[in-house]
Amino acid sequence: MKAVVAGAGIGGVTAALALINAGWDVEVLERAPELGEVGAGLSIAPNALRALDAVGVGEKVRAAATPSQAAYNLCLPSGEFLRRFDPAHDTPLSCFHRADLHRLLAAELPRDVVRTGCAVREVTSDGEVVHDTGRVTADLVVGADGIHSAVREALWPGIAPHFRYTVWRGVTEPGVESAGTFTFGRGAYFLVHPIGGGRLYWALAVHEPRPGIRYDDDLAEVRRRVRGWHVEPLLDVTPKVLHNDVTDLPPLPSYVRGRVALLGDAAHAMTPDMGQGACQAIEDAVTLAAVGLAGYDRARLSRTHGIARMARQKGAMALTTSRLGYALNRLGMRAPASVVRKQTEKLWSWTPPTAPAGA
């Protein structure tokens, strides 16, 4: 059985690993000229770690991860804590520079599986794929090619990303310490994760009225927006700042068309406010390999739609510019830690499916 995976990001690489383990002949087509990941940091929650266990790399990922307490260390801009991590009851997130995690996963693939510099140009529901260097017919085509997916556009045309807010991201130079924090301001929040090598990943999310607003000096703009915040010193040791608008997708009624399935951002791009973007792509990958096309929608639609909706709602609440909304946020952050644990347990308790008997 032949599978073609469009996209060699974290979701695509995980899909390739899972399908190879399930006995598929896999070819990964990556449009970039070199295999790698762009971006800054990301977190992996326990649900995604279980998915990675299913493809045999969970322990390697755990060993390489840096624990972060940011989901529980909630602060005001002054540095006052609204809630703190409790080592007796709270589970830290596993954090990485995105490129480091991608490198670890990609190293598990056979050397000849990925073709770089090879963009997908056309896809049909019966598994025909036209790419930069030819054409191939597959029993399964996996669209893991991101929010602007060529595979989705071919078979689910007209699905446009929706602007939510804007974000600046950076990685500090080595030598800075933090267990991880999440700082709430009015109309903005500032996330900090340790990502190994003595570095911190940070992200400043800000409410903006429309997409596409840009600034001549991004670092100076971040300084302006967090002036007086307790995180301000991190900017002195941040050599480069990335600025992107955050978008998500409307819920698709199906992730399957004939022999083609979408996963990750191509299927259900979500805002990062639940920390589940990469996690859900990893879940998708191992689920597709286990249940196949026939069971994929049943296994994934409800869960991913729900998480995307929660992320969008959480982001809108966290970035409210109203005085009342901000006051309610602060009050909510002081809720008992047991309430937060119940919420995360519902999200993090997911376990990967197993292949049907005889599959």
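Heads up: the structure comes first, above all this text.
Summary of the structure given here. Everything numeric in this text was worked out from a predicted model, so none of it was measured. (Residues numbered from 1 in each chain as written. Predicted model: local features only at pLDDT ≥ 70, side-chain atom pairs only at ≥ 80, totals over all residues. Heavy atoms only, no water.)

## So, the environment of Gly12
So, point 1. Turning to its location among the elements, Gly12 is positioned in helix α1 (residues 10-21).
So, point 2. The spatial distance from the C-alpha of Gly12 to the C-alpha of Glu27 is 11 Å, given a sequence separation of 15 residues.
So, point 3. Gly12 has contacts with Val5, Gly7, Ala144 and Leu263, leaving out every residue within four places of it along the chain. (Helix = DSSP H or I, 4+ residues; strand = E, 2+ residues; numbered from the N terminus. Contact = heavy atoms within 4.5 Å.)

## Points about the packing of α1 against helix α8 (residues 277-318)
So, point 1. Direction vectors running N to C along α1 and α8 enclose 25°, while the axes themselves pass 8 Å from each other. Here α1 is positioned roughly parallel relative to α8, judged by the angle of their axes. In this structure, α1 meets α8 at a crossing whose hand is right-handed. Contacts from Ile10, Gly11, Thr14, Ala15, Ala18 and Leu19 in α1 reach Ala281, Ile282, Ala285, Val286 and Ala289 in α8. (Axes fitted to C-alpha atoms, helices over the stretch in contact; angles between N-to-C directions. Parallel < 35°, antiparallel > 145°, perpendicular 65-115°, else oblique. Left-handed = near helix turned anticlockwise from the far one by under 90°.)

## Regarding the pairing of strand β10 (residues 128-131)
So, point 1. Here strand β9 (residues 120-123) runs beside β10; their pairing, made up of three bridges, is antiparallel. Counted as the bridge partner of Val123 is Val129 from β10.
So, point 2. Here β9 folds back onto β10 in antiparallel fashion, the turn holding four residues, of which Gly127 has a positive phi close to 95°.
So, point 3. Pairing geometry for β10 and strand β11 (residues 134-137), over four bridges, is antiparallel. When the sheet's bridge partners are listed, Val130 is paired in β11 with Arg135.
So, point 4. Following β10, the chain reverses through two residues before pairing antiparallel with β11. (Pairing = 2+ DSSP bridges.)

## Topic: the nonpolar core
So, point 1. Membership of the largest hydrophobic core comes to 96 residues, with the highest contact counts inside it found for Ile44, Val61 and Leu105.
So, point 2. Counting residues per element, this core draws most heavily on α8, at 12 residues.
So, point 3. Not counting chain neighbours up to four residues away, the residues in contact with Ile44 comprise Leu49, Leu93, Ser94, Phe96, Leu101, Ala278, Cys279 and Ile282.
So, point 4. With 16 residues, the next largest nonpolar core counts Val176, Leu204, Val231 and Val241 among its residues. (Core = buried A, V, L, I, M, F, W, Y, C linked by side-chain atoms within 4.5 Å. Buried < 20%, exposed > 50% of the residue type's maximum accessible area, 1.4 Å probe, protein only.)

## A few points about the environment of Ile213
So, point 1. Mapped onto the elements of the fold, Ile213 is located in the loop between β16 (199-206) and α6 (218-225).
So, point 2. A relative accessible area of 18% means that Ile213 is categorised as buried.
So, point 3. Along the primary structure Ile213 and Asn244 are separated by 31 residues, whereas in three dimensions their C-alpha atoms are 9.7 Å apart.
So, point 4. Discounting residues that sit within four places of it in the chain, Ile213 has contacts with Glu208 and His243.

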